[in-house]
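Residues per chain, in single letters:
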Amino acid sequence: LFTTRKLVRGTHLGESHYRMDGKLVRTPLGGFINHSDEPNCVKSQVRVKPHYDKWTITVIEDIEEGEELTLKYTWYEPHAQEDAAEDPNNHDYE
């Protein structure tokens, strides 16, 4: 996911996920933003009311037009899928 204009630190990009009554729903923004060990955005959890949370994405450093938006994934290990795909004994990735 790449920006089409300069974004300054503190810019709120929108919601990436919602959790309603235990069900997690990913938005398109949450589905397309990539992982980085040195991200330029951060995901924050907001409790809207009991059993209803949302996660928002905010820019944490200025991002120039054309640069990729990135997050540090915290819900799973992003490299684990790559490692599993390279394992010759794992047939889930064929």
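All figures in this text were calculated on a predicted structure; none of them were measured in a lab.

1. Some words on the overall build of the chain
In terms of helices and strands, the chain carries two helices and six strands. Tracing the chain from N to C terminus, the helices and strands come up as β-β-α-β-β-β-β-α. For the chain, the residues scored as buried account for 26% of the 94 residues in total. A sequence separation of at least 24 residues applies to 67% of the contacts in the chain between residues at least 6 apart. Put simply, the chain shows about 6,700 Å² of open surface, and 48% of that area lies on carbon and sulfur atoms.

2. A short note on a negative patch on the surface
Judged by side-chain charge, D37, E38, E61, D62 and E67 come together as a negatively charged surface patch. Take E67: it is sitting in the loop between β5 (52-59) and β6 (70-71).

Definitions and limits used
Residues numbered from 1 in each chain as written. Predicted model: local features only at pLDDT ≥ 70, side-chain atom pairs only at ≥ 80, totals over all residues. Heavy atoms only, no water. Helix = DSSP H or I, 4+ residues; strand = E, 2+ residues; numbered from the N terminus. Buried < 20%, exposed > 50% of the residue type's maximum accessible area, 1.4 Å probe, protein only. Contact = heavy atoms within 4.5 Å. Areas by Shrake-Rupley, 256 points an atom, 1.4 Å probe, with all protein chains shown as cover. Patch = residues over 30% accessible without salt bridge, like charges linked within 9 Å, V, L, I, M, F, W, Y side chains within 5 Å. Salt bridge = Lys/Arg side-chain N within 4 Å of Asp/Glu carboxyl O. Lys, Arg positive; Asp, Glu negative; His and termini not counted. Charge placed at Lys NZ, Arg CZ, Asp CG, Glu CD.

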